[in-house]
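Listed below are the residues making up each chain.
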Amino acid sequence: SSRIDAKNILDVVQIDEYTYQHVNYLTFIDVCTGQPWVRRICKVGVAKRQPGIYKQYLHREYMIWESSLPKIPIKLHVDNEASLVTIPHNNIQPNPVHYPQMNGKIERLHKQIATLCRIHNSTPDKIQAHLPFYVTPATGGGDDEATESKVAESKVLYDGRTLNIGDLVRIRVNPRGRDKN
């Protein structure tokens, strides 16, 4: 099966590189909660002038991101790219080449980032606060009714609140409302 499941926060994190307006970014998404993160790496072309510097910048941004978390992710899903496979982590699972379905959540995140950057006339690292994320079912798969009923009844603790599975969580409300009263 190509479906990736996680039972707890930071059990599985998908990581990918993303380029927007000639700048490279490192994007992350937690599989359990859908929590996104975006880190700026460097401008496109820096690696041509200084060989090896791109991988150094990428590893530095990964370490800064990892140090900001309450715990180290258990497993990382990455594209099979040389710079991502060498991230300093014990459990990296590279995806097959040319098979983006394995990193579906992160690929959808890239589309959301591009849309929000155009809407807010901003860059991916600045629009992170506008990215919504979903609390998704945390099961090991299975199609039986007992599993489905457990998922429907389960609750997820987030930011001191108990949420139902499927609740939409906004990190920050867009200050520009549409009400013209």
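Here's what I pulled together on the structure shown here. (Residues numbered from 1 in each chain as written. Predicted model: local features only at pLDDT ≥ 70, side-chain atom pairs only at ≥ 80, totals over all residues. Heavy atoms only, no water.)

### So, the packing of aromatic side chains
On inspection of all chains with the given rule, the structure shows five aromatic pairs. Seen in terms of ring centroids, Y18 and Y20 are 6.4 Å apart; in terms of plane orientation they differ by 15 degrees. Their pairing is stacked. Note on F28 and W65: the rings are 4.0 Å apart at their centroids and 10 degrees apart in plane angle, and the pair reads as stacked. With F28 in strand 2 (residues 23-30) and W65 in helix 2 (residues 53-67), this pair connects stretches of sequence that are 37 residues apart. Judged by relative accessible area, which is 1%, W65 ranks as buried. The rings of F28, W37, Y62 and W65 are connected pair by pair, giving a single aromatic cluster. (Phe/Tyr/Trp six-rings, centres within 6.5 Å; stacked < 30°, edge-to-face > 60°. Helix = DSSP H or I, 4+ residues; strand = E, 2+ residues; numbered from the N terminus. Buried < 20%, exposed > 50% of the residue type's maximum accessible area, 1.4 Å probe, protein only.)

### Here we look at the sheet that holds strand 5 (residues 92-94)
Read from one edge to the other, the open sheet built from five strands follows the order 3-2-1-4-5, with strand pairing classed as mixed. The two strands at the open ends of the sheet, each matched to only one other strand, are strand 3 (36-43) and strand 5. Across the sheet, the mean angle separating the axes of adjacent strands is 25 degrees when strand polarity is ignored. Bridge count for strand 4 (residues 75-78) against strand 5 is three bridges, and the pairing is parallel. Along strand 5, the bridge assignment pairs H77 with Q93. Across the face of the sheet, helix 2 comes into contact with strand 1 (12-20), strand 2, strand 3 and strand 4 while running at roughly 155 degrees to strand 3. Strands in contact with helix 4 (residues 104-120) are strand 1, strand 2 and strand 3; relative to strand 1, the strand with the most contacts, it is inclined by about 40 degrees. (Pairing = 2+ DSSP bridges. Axes fitted to C-alpha atoms, helices over the stretch in contact; angles between N-to-C directions. Contact = heavy atoms within 4.5 Å.)

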